[in-house]
Amino acid sequence: MSNGWGVHSPNMNEAPGNPVQLIVAAPAAAMGALHQAFAGDARFQIIATATSEDDLAAKLHLGPEALMLDATVFQGPDTMANMLAGFQGVAYVVLPDGVPMEAVEAVQNIPSVKQVVFYSQANFPLMAGQLYDAVIAIRKVAISAHGGNPAFAMFQRSAVRMAGFRAISVWNPKGGVGKSTVAIALAMEAANRNLPTLLAGLGGPDPNPLILGLKSEPNFNNWRMNPTPEGLKTSIQKLDILDVLAGFPDPVSLQSYAAETGVNEPESLVGFMHAATLAGYAVVVLDVSAQELAPMAIAASNTLILVSSPNMDGVLGTIEGVRVVNDVLAGQHSIGKGAMHLVVNRYRNATYTPKEVLQMGMNMRQDFPPLLAAIPDDPAIEEAINNRRPAYQYSEPLRQAVQRMGDALFAPMPTRSQERQQATGRKKRVINLGFMRLRI
Ligand SMILES: Nc1ncnc2c1ncn2[C@@H]1O[C@H](COP(=O)(O)OP(=O)(O)OP(=O)(O)O)[C@@H](O)[C@H]1O
Ligand SMILES: [Mg+2]
């Protein structure tokens, strides 16, 4: 079913009851017992097994939600701590009896390690239940942080793995207001901050490849034909440190994609974001130039930037954008209250000031977004774009504005252990059970 905005109703039955994606790692001799404990359990999907440290390192990029680890697969607690440093999910660890207490403690201090037990004490069915509950608890936090819509559980599972993942739509229902200028500059800013960043142009034809000196192929149609992380990798072009997916080469391919793609299909923009997280991106910027794709882009994003020109037309266009997101598409996206932002572009003496744009907007709608940044009219921007150069490198005001946006959007997130400490006001509790201690 699709409404006037071309949006397909998401399938509300796809509740977040998907199996927990697990990697089991153990030396080959010990693998059998661990694997067996989870293989027949429908609550888990074993996405990989690993029998050595290198093997596990290579498979962690699959993005498991949980790890079941035999600690002896690692050379020692230090290499284990290093490898798990960036892991956002839940790890359970079993140790051979007789491992000294210092080593047990070192393992317990790894933030993602939820429980450590000796083999002789291990009750695998009990552990499976605890591990499952721990992952579900994290999923629930991620879902509530993304607006509580179970239809986007697939995407939100990715968000669990990358707590700081930003899926940013740059949009306005009005044309020519600076969406592409802002989207390109913001993506460059993110890449300059060493965040693995992907810029995707959603236009047809998409002018970004021309502006950026890239080719029109491969492009979004290549991703559409192979909607997997691998398909994404082979569809992108590199612009120095920024990865770019060229948009549709013509209006026909864009129209066919917009008309035929349901929001939960792998080739949808929700699927695109999922693939992007699996491919390792931390930031994806969608330049939403084609209005037909706006609803799907919004459904796939957790952050929205509305670019407004500094006049009545701009305010009305932005009001229309807010209405679409908060009224028409209510419940169909994960853009929370604080995740919608206003960027006023091209202000000069004769126009409204950015503050005036904000005030007029707030007079018309209480949920008008706060001002994230403002960009003055700068001839260097037009000149750079006309000469097919990234305006980001030639306009100081543009660079300053996206830097401000970057400070707000890409500030490092607290780690889970820091959050947990803040929430409880204390460190994880350690229960002493004789020679074995559990941290809960
Ligand atoms: N702050 C600015 N100062 C001067 N020129 C600007 C500024 N921002 C954008 N421009 C110019 O305005 C034109 C339109 O900008 P842009 O292509 O970014 O808009 P858009 O919203 O993506 O348009 P479309 O709806 O066609 O996709 C560009 O040629 C660009 O050079
Ligand atoms: Mg554009």
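Let us look at the structure shown here.

### Side note on unusual backbone geometry
Note: most peptide bonds trans; most residues except glycine with negative phi.
Item 1. Here the amide bond leading from glycine 204 into proline 205 is cis, since omega sits at 0 degrees, within 30 degrees of zero.
Item 2. With respect to the helices, strands and loops of the structure, proline 205 is situated in the loop between strand 7 (197–201) and helix 8 (208–212).
Item 3. In the segment running from glutamate 217 into proline 218, the intervening peptide bond is cis, with an omega of -5 degrees.
Item 4. Here proline 218 shows up in the loop between helix 8 and helix 9 (220–225).
Item 5. For arginine 346, which is not glycine, the phi torsion reads 75 degrees and is therefore positive.
Item 6. Among the secondary structure elements, arginine 346 is positioned in strand 12 (residues 340–347).
Item 7. Positive phi is not limited to glycine here, since arginine 388 has a value of about 55 degrees.
Item 8. Mapped onto the elements of the fold, arginine 388 is located in the loop between helix 16 (379–386) and helix 17 (396–409).
Item 9. Residue class for arginine 388 comes out exposed when judged on its relative accessible area of 52%.

### Describing the sheet that holds strand 3 (residues 66–70)
Item 1. As summarised here, the arrangement of the 5 strands in space is 2-1-3-4-5, forming an open sheet in which the pairing is parallel. Both outer strands of the open sheet, strand 2 (44–50) and strand 5 (113–118), are each paired with one neighbouring strand and no more. When strand polarity is set aside, the average angle formed by the axes of neighbouring strands in this sheet is 20 degrees.
Item 2. Pairing between strand 1 (residues 20–25) and strand 2: 6 bridges, direction parallel. Counterpart to valine 24 in the pairing with strand 2 is threonine 49.
Item 3. The strands touched by helix 1 (residues 28–39) are strand 1, strand 2, strand 3 and strand 4 (90–95); relative to strand 2, the strand with the most contacts, the crossing angle is about 165 degrees.

### As for the coordination of the magnesium ion (ligand 2)
Item 1. Bound to the magnesium ion (ligand 2) are the protein donor atoms Ser180 (OG) and Ser289 (OG), situated 2.1 to 2.4 Å from the metal. You can see serine 180 sitting in helix 7 (residues 179–192) and its partner serine 289 sitting in the loop between strand 10 (283–287) and helix 13 (294–299), a full 109 residues away along the chain.
Item 2. Classification of serine 180 as buried rests on a relative accessible area of 17%.
Item 3. For serine 289, a relative accessible area of 30% puts it in the partly exposed group.

Parameters at a glance
- Residues numbered from 1 in each chain as written.
- Chains lettered and ligands numbered in written order.
- Predicted model: local features only at pLDDT ≥ 70, side-chain atom pairs only at ≥ 80, totals over all residues.
- Heavy atoms only, no water.
- Helix = DSSP H or I, 4+ residues; strand = E, 2+ residues; numbered from the N terminus.
- Buried < 20%, exposed > 50% of the residue type's maximum accessible area, 1.4 Å probe, protein only.
- Pairing = 2+ DSSP bridges.
- Axes fitted to C-alpha atoms, helices over the stretch in contact; angles between N-to-C directions.
- Contact = heavy atoms within 4.5 Å.
- Donors = N, O, S within 2.8 Å, 3.2 Å for Na, K, Ca; no water.

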